[in-house]
Amino acid sequence: MPVPKEKLSRSRRDRRRANHDKVVKPNLSTCTRCGAFKLSHRACGSCGYYRDRKVLSVGDAEA
Ligand SMILES: [Zn+2]
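Values in this document were obtained by computation on a predicted structure and should not be read as measured data.

Conventions adopted
Residues numbered from 1 in each chain as written. Predicted model: local features only at pLDDT ≥ 70, side-chain atom pairs only at ≥ 80, totals over all residues. Heavy atoms only, no water. Helix = DSSP H or I, 4+ residues; strand = E, 2+ residues; numbered from the N terminus. pLDDT = per-residue confidence, 0-100. Donors = N, O, S within 2.8 Å, 3.2 Å for Na, K, Ca; no water. Tetrahedral: all angles 85-135°; square planar, octahedral: opposite > 155°, others 65-115°. Buried < 20%, exposed > 50% of the residue type's maximum accessible area, 1.4 Å probe, protein only. Phe/Tyr/Trp six-rings, centres within 6.5 Å; stacked < 30°, edge-to-face > 60°. Lys NZ or Arg CZ within 6 Å of the ring centre and 35° of its normal. Contact = heavy atoms within 4.5 Å. Salt bridge = Lys/Arg side-chain N within 4 Å of Asp/Glu carboxyl O.

(A) Spotlight on the environment of Arg51. With respect to the element layout, Arg51 can be found in the segment after strand 2 (37-39). Separated by 19 residues in the primary sequence, Arg51 and Thr32 place their C-alpha atoms 8.1 Å from one another.

Encoded structure:
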């Protein structure tokens, strides 16, 4: 069984654990169809389009 060569210092241990629940900024881009903010590589939440194709039904039941 592998054993660490040296004990991790408090600062190194705490630095590793501090990485766990940090706040990450979402990669926002604007929808090319309606201009709303959306996550990149995701369908737009307000018009339901992803790369000029309707993939979600948003709001009124159309198609
Ligand atoms: Zn949109």
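(B) Representation of the confidence of the model for the protein chain. Predicted confidence across the protein chain gives a mean pLDDT of 83, with 90% of residues reaching 70 or more. Taking the mean pLDDT of every element in the protein chain, the minimum, 88, falls on strand 1 (residues 28-30) and the maximum, 91, on helix 1 (residues 10-18).

(C) Layout of the coordination of the zinc ion. For the zinc ion, every protein donor is listed as Cys31 (SG), Cys34 (SG), Cys44 (SG) and Cys47 (SG), and the spread of their distances is 2.2 to 2.3 Å. Classification of the site at the zinc ion rests on its four donor atoms, whose angles at the metal span 106 to 117°, yielding the label tetrahedral. In the primary structure, the donors to the zinc ion are separated according to the pattern C-x2-C-x9-C-x2-C. One exposure class covers both Cys44 and Cys47, and it is buried.

(D) Quick peek at the packing of aromatic side chains. Summed over the entire model, instances satisfying the criterion amount to zero aromatic pairs. Against the face of Tyr49 rests Arg33, its NZ or CZ located 3.9 Å from the ring centre.

(E) Molecular detail of the environment of Leu28. Inspection of the secondary structure puts Leu28 in strand 1. Taking relative accessible area as the criterion, Leu28 reaches 52% and is therefore assigned exposed. Along the chain, Leu28 and Arg10 lie 18 residues apart, while their C-alpha atoms are 36 Å from each other. Excluding anything up to four places from it in sequence, Leu28 contacts Phe37, Lys38 and Leu39.

(F) Representation of the pattern of salt bridges in the model. Counted under the stated rule, the structure contains one salt bridge. Linking Arg13 and Asp14 is a salt bridge whose minimum nitrogen-to-oxygen distance equals 2.8 Å. The exposure class assigned to Asp14 is partly exposed, which follows from its relative accessible area of 37%.

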